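A structural walkthrough
Residue-level listing of the chains:
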Protein chains: 2
Amino acid sequence: MSDVAKVAGVSHQTVSRVVNGHPNVREETVARVRHAISELGYHPNSTARALVTRRTNVLGALAVDTTLFGPSQTLAGIEQAAREAGYFLSIVSADDPSPDGVAEAMDHLVQQSVEGCVAIAPQRELVHALAALPGPRPLVAVEGGEGAGFPVAGVDQEQGARDAVRHLLDLGHRTVHHISGRSDWLEAEARVHGWREELRAAGRTVTEPLPGDWSPRSGYELGRRLAELRAEGEEVTAVFVANDQMAVGVLKALHEAGLGVPGDVSVVGFDDIPEAAYLTPALTTVAQDFTRVGTAALELLLGALDAPSADAPADRTVPAVLRVRDSSAPPPA
Amino acid sequence: MSDVAKVAGVSHQTVSRVVNGHPNVREETVARVRHAISELGYHPNSTARALVTRRTNVLGALAVDTTLFGPSQTLAGIEQAAREAGYFLSIVSADDPSPDGVAEAMDHLVQQSVEGCVAIAPQRELVHALAALPGPRPLVAVEGGEGAGFPVAGVDQEQGARDAVRHLLDLGHRTVHHISGRSDWLEAEARVHGWREELRAAGRTVTEPLPGDWSPRSGYELGRRLAELRAEGEEVTAVFVANDQMAVGVLKALHEAGLGVPGDVSVVGFDDIPEAAYLTPALTTVAQDFTRVGTAALELLLGALDAPSADAPADRTVPAVLRVRDSSAPPPA
DNA sequence: CTGAAAGCGCTTACAG
DNA sequence: CTGAAAGCGCTTACAG
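Since the model is a prediction, treat every value here as computed from it, not as a measurement. (Residues numbered from 1 in each chain as written. Chains lettered and ligands numbered in written order. Predicted model: local features only at pLDDT ≥ 70, side-chain atom pairs only at ≥ 80, totals over all residues. Heavy atoms only, no water.)

What follows is about the pairing of strand β3 (residues 116-120) of chain A. Residue and element names in this part refer to chain A. When you tally the buried positions in β3, you get five out of five residues, the bulk of the element. In β3, alternate side chains face the same way, and those of Gly116, Val118 and Ile120 on one face and Cys117 and Ala119 on the other are all buried. Relative to β3, strand β1 (residues 58-63) is paired through four bridges, and the arrangement is parallel. The partner of Ala61 across the bridge, within β3, is Val118. (Buried < 20%, exposed > 50% of the residue type's maximum accessible area, 1.4 Å probe, protein only. Helix = DSSP H or I, 4+ residues; strand = E, 2+ residues; numbered from the N terminus. Pairing = 2+ DSSP bridges.)

Following this line, the structure appears as structure tokens:
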């Protein structure tokens, strides 16, 4: 900056003024300074600026298992929103949702003096660990479940699950089986809950959920189990699968068992991954708008940054939307 | 820090010494300082430190379309490797590979004073834009293609493609059709090249590649085209599809056309997405180890950081590995 | 083993 | 409209 000042023949604070667009600088001076800046290829040192303004302009993001579709999409949404708001985004992943793992990850963010943080926190354990930590504040959670002391942005999982079940019931199925996600995930729990409640509200039998782990493999195994149940005489005509990846496995298992979808069994997934519409049969599923969730989370964070004292910031819930395709139909006559 | 010094009854630079683990501090002093630190919940200000050491400890990552499996996996690999190396990772995405879009994204990184940058640069245009930019340096590219002036880490796309074709040829197919990826992507080009060369080396007919765009939808459309070609009398017994998502669409199109896989047509994909093994039939594909690519990219960057003068840093190539499953078999008799 | 001094590159009042 | 001064919170030689 002092080099620029020298070349332009002004003091370094005049340079600062033009860099920061302050008024009260003669036009000709501005021009001279700008010229010197581009001539020297000068870039303001963000570190020095941050030191004096006490604003780093960086936000932190805690990411989890990005091999999963949802988390990786959400992260992209957050990044985009952060950049639009003029912030830098520093990410750290927590492969390990234990208190220690989370503490280490958050410490990384704290060390960096982030101004705030959004945590993708789909697991119950992770949310608890986050709440217990001094960590960076303000903090907003994505898919985190309420009551942990920070605002939450997420998709209305329960509504999505209810819509899926209702769709199947409307088709004429007497009940709907469920293959659930990892039990430590809040989303898995919310979908189980929505599924169960919709069934109860309709006065239908509620079977035991088959516990999956989100992976195609577990979907496959549980799909086989479903076929066995059917072979044993249980009425299995429809299944709501907690995510599309498992649904892929279910489709395969059912096919191998000689069961037609949707002829014998209807299948509904969750997520609407890009492949969903091109599976055989095209998968009926519940779409989540992860980009909107990311944007909503960032709005919440920005709000907290603007008004740190505001108590009880409202959560943000994005609706889930059912997309009916070819894997669901009326039950066999 | 001065508060800590006061509480511990030492000067602030002694505090600095214990924080930075310098030798030559009396044990008892260290203990007193540590005590004061934890009592006050003190965290060193990374900004102030960065200002004086001239090291921000942050690395930048340029990400592209993270809805795609590969890029999002690679990013995760980079993040992990960066953290292990003690760096922070700031990400910025370039949805737009044009010079302007890239310039804006890289500028964001420059403003942040990153010490180096790894760019996921799968498109030719993006690589050129990167090379033309003053941008942050050192810079290493992932999947970027050589000759742009910075080291590159990536999977051996050509070898992967050749392996896929060889596998099909060994099965007895006379030739192999190809559904390619987005033509502006270097990986798409490398796979086309590998496919073509392997066919040529074996003296087989090289058909015109069918140009896809990576999406399941384009796979579906091109799969239909393939079925038409076959109906018109062309010998279509095997197809190498440039990624698994398109292969999903191809499988659907073939199925709808009444063509069996692998009975009538063998299909081989690329990527080995989690769903691949659970499609019907389980997809033979070429796996890429994105985590290793991310790690390799970071090693390259760290090397460049250590020895900025080292000329012609070697590129790093990770082998692709063919995974034979159920979608490939000998041609119909 | 420990402290006084200088300085990293900026911005923010304060003068003029 | 513009400059001299102080200070953000650290680290790095330099003394002692």
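Further notes follow.
Our next topic: the packing of aromatic side chains. Residue and element names in this part refer to chain A. The tally for this structure, following the rule as stated, stands at eight aromatic pairs over all chains. Centroid distance Phe69 to Phe290: 5.8 Å. Interplanar angle 85°. Geometry classified as edge-to-face. Of this pair, Phe69 sits in helix α5 (residues 69-84) while Phe290 sits in helix α12 (residues 290-306), placing them 221 residues apart in sequence. The side chain of Arg191 reaches across the aromatic face of Phe270, ending 3.9 Å from its centre. (Phe/Tyr/Trp six-rings, centres within 6.5 Å; stacked < 30°, edge-to-face > 60°. Lys NZ or Arg CZ within 6 Å of the ring centre and 35° of its normal.)

Quick look at the interface of chain A and chain B now. Between chain A and chain B, the contact holds 47 residues from the first and 47 residues from the second. Carbon and sulfur atoms make up 57% of the surface buried where chain A meets chain B, a total of about 4,300 Å² over both sides. Scanning the region where chain A abuts chain B turns up two salt bridges. Measuring nitrogen to oxygen at the nearest pair gives 3.5 Å for the salt bridge that ties Glu104 of chain B to Arg83 of chain A. Where strand β2 (residues 88-93) of chain A lies against strand β2 (residues 88-93) of chain B, two bridges are found, and the strand directions are antiparallel. Bridge pairing links Leu89 of chain A to Ile91 of chain B in β2 of chain B. (Contact = heavy atoms within 4.5 Å. Buried area = accessible area lost by both parts, 1.4 Å probe. Salt bridge = Lys/Arg side-chain N within 4 Å of Asp/Glu carboxyl O.)

Turning our attention to the sheet that holds strand β9 (residues 266-268) of chain A. Residues and elements named next belong to chain A. The four strands are arranged β7-β6-β8-β9 in an open sheet whose pairing can be described as parallel. Strand pairing shows two members of the sheet lacking a second neighbour, β7 (210-211) and β9, which therefore form its edges. Contacts from helix α8 (residues 157-170) reach β8 (238-241) and β9, with the element oriented near 165° to β8. Together, β6 (177-180) and β8 form the strand contacts of helix α9 (residues 186-201), whose direction differs from that of β6 by roughly 175°. (Axes fitted to C-alpha atoms, helices over the stretch in contact; angles between N-to-C directions.)

This part is about the protein's contact with DNA strand C. Around DNA strand C sit 26 residues, and of these Met1 and Ser16 of chain A together with Gln13, Thr29 and Arg54 of chain B come closest. Among the atoms of DNA strand C close to the protein, meaning within 4 Å, 62% are from sugar or phosphate groups. Contact between DNA strand C and Asn20 of chain A: a phosphate oxygen at 2.8 Å from a side-chain N or O atom of the residue. Ser11 of chain B has a polar backbone atom sitting 3.0 Å from a phosphate oxygen of DNA strand C. For the surface near DNA strand C, the secondary structure elements donating two or more residues are α2 (12-19) and α4 (46-53) of chain A together with α2 (12-19) and α4 (46-53) of chain B. Counting residues per element, the surface near DNA strand C draws most heavily on α4 of chain A, which supplies five residues. Residues that form the surface near DNA strand C fall into these classes: 10 nonpolar, 12 polar and four charged. (Near = heavy atom within 4 Å. Polar contact = N/O pair within 3.5 Å; in protein donor to acceptor, adjacent residues only side chain to side chain. Nonpolar A, V, L, I, M, F, W, Y, C, P; charged D, E, K, R; others polar.)

The biggest cluster of nonpolar side chains holds 125 residues, and the ones touching the most others in it are Leu130 of chain A together with Leu130 of chain B. Excluding its chain neighbours within four sequence positions, the residues that come into contact with Leu130 of chain B are Leu62, Val102, Met106, Ala119, Ala121, Arg137, Leu139 and Phe150 of chain B. Within the second largest apolar cluster, 66 residues are counted, among which are Leu68 and Val239 of chain A together with Val239 and Leu283 of chain B. (Core = buried A, V, L, I, M, F, W, Y, C linked by side-chain atoms within 4.5 Å.)

Let us look at the packing of helix α5 (residues 69-84) of chain B against helix α12 (residues 290-306) of chain B. All names here are of chain B. Interaxial distance between α5 and α12 falls to 7 Å at its minimum, and their mutual angle equals 50°. Accordingly, the angle class assigned to the pair α5 and α12 is oblique. With respect to the hand of their crossing, α5 and α12 are arranged in right-handed fashion. For the pair α5 and α12, contact is made by Phe69, Gly70, Gln73, Thr74, Gly77, Ile78, Ala81 and Ala82 and by Phe290, Thr291, Val293, Gly294, Thr295 and Leu298, respectively. Here the residues of the contact of α5 with α12 are counted per class, giving seven nonpolar, seven polar and no charged. (Parallel < 35°, antiparallel > 145°, perpendicular 65-115°, else oblique. Left-handed = near helix turned anticlockwise from the far one by under 90°.)

The next subject is the protein's contact with DNA strand D. Around DNA strand D, a shell composed of 26 residues is seen, among which Gln13, Thr29 and Arg54 of chain A together with Met1 and Ser16 of chain B lie nearest. Among atoms of DNA strand D positioned within 4 Å of the protein, sugar and phosphate together represent 64%. Between DNA strand D and Gln13 of chain B, the relevant distance is 3.1 Å, taken from a base oxygen to a side-chain nitrogen or oxygen of the residue. Take the surface near DNA strand D: its biggest share by element is five residues, from α4 of chain B. Residue composition of the surface near DNA strand D, grouped by class: 10 nonpolar, 12 polar and four charged.

Residue and element names in this part refer to chain A. Buried residues dominate β2, accounting for six of its six residues. In β2, alternate side chains face the same way, and those of Phe88, Ser90 and Val92 on one face and Leu89, Ile91 and Ser93 on the other are all buried. Across six bridges, the pairing between β1 and β2 is parallel. Residue pairing across strands places Val58 opposite Phe88, the latter belonging to β2.

The operation linking the two copies of the chain is a rotation about an axis combined with a translation along the axis. Taken as rigid bodies, chain A and chain B are interconverted by a rotation of 180° and an axial shift of 0.0 Å, the fit giving an RMSD of 0.1 Å. Taken together, these values place the two copies in the relation of a two-fold axis. Using C-alpha coordinates, one finds that chain A approaches the rotation axis most closely at Ser90 of chain A, a distance of 2.1 Å. Both copies present the same face, since 100% of the interface residues in chain A are matched by interface residues at the equivalent positions in chain B. (Least-squares fit on C-alpha atoms with pLDDT ≥ 70 in both.)

Taking 1.5 Å of rise per residue, the 17 residues of α12 of chain A would be expected to cover 24 Å, and the 24 Å separating its terminal C-alpha atoms lies within 8% of that figure. Of all the residues in α12 of chain A, the buried ones are Phe290, Val293, Gly294, Ala296, Ala297, Leu298, Leu300, Leu301 and Ala304 of chain A. (Expected span 1.5 Å × (residues − 1).)

So, on to the sheet that holds strand β11 (residues 316-318) of chain B. Spatial strand order, β11(A)-β5(A)-β4(A)-β3(A)-β1(A)-β2(A)-β2(B)-β1(B)-β3(B)-β4(B)-β5(B)-β11(B): 12 strands in an open sheet with mixed pairing. This sheet does not close on itself; its edge strands, each paired only once, are β11 (316-318) of chain A together with β11 of chain B. The sheet shows a mean angle of 20° between the axes of neighbouring strands, taken without regard to direction. When strand β3 (residues 116-120) of chain B meets strand β4 (residues 139-142) of chain B, the two strands line up parallel, connected through four bridges. If you follow Val118 of chain B over to β4 of chain B, its bridge partner there is Val140 of chain B. Where α12 of chain B meets the sheet, its contacts fall on β1 (58-63), β3, β4, β5 (152-155) and β11 of chain B, and the angle it forms with β5 of chain B comes to roughly 165°.

Residues and elements named next belong to chain B. Position of His177 relative to the elements: it lies in strand β6 (residues 177-180). Judged by its relative accessible area of 3%, His177 is buried. Among all residues touching His177, those that are not within four sequence positions of it are Trp195, Thr207, Leu226, Glu234, Glu235, Val236, Ala238, Val239 and Phe240.

These figures capture arrangement, not role.
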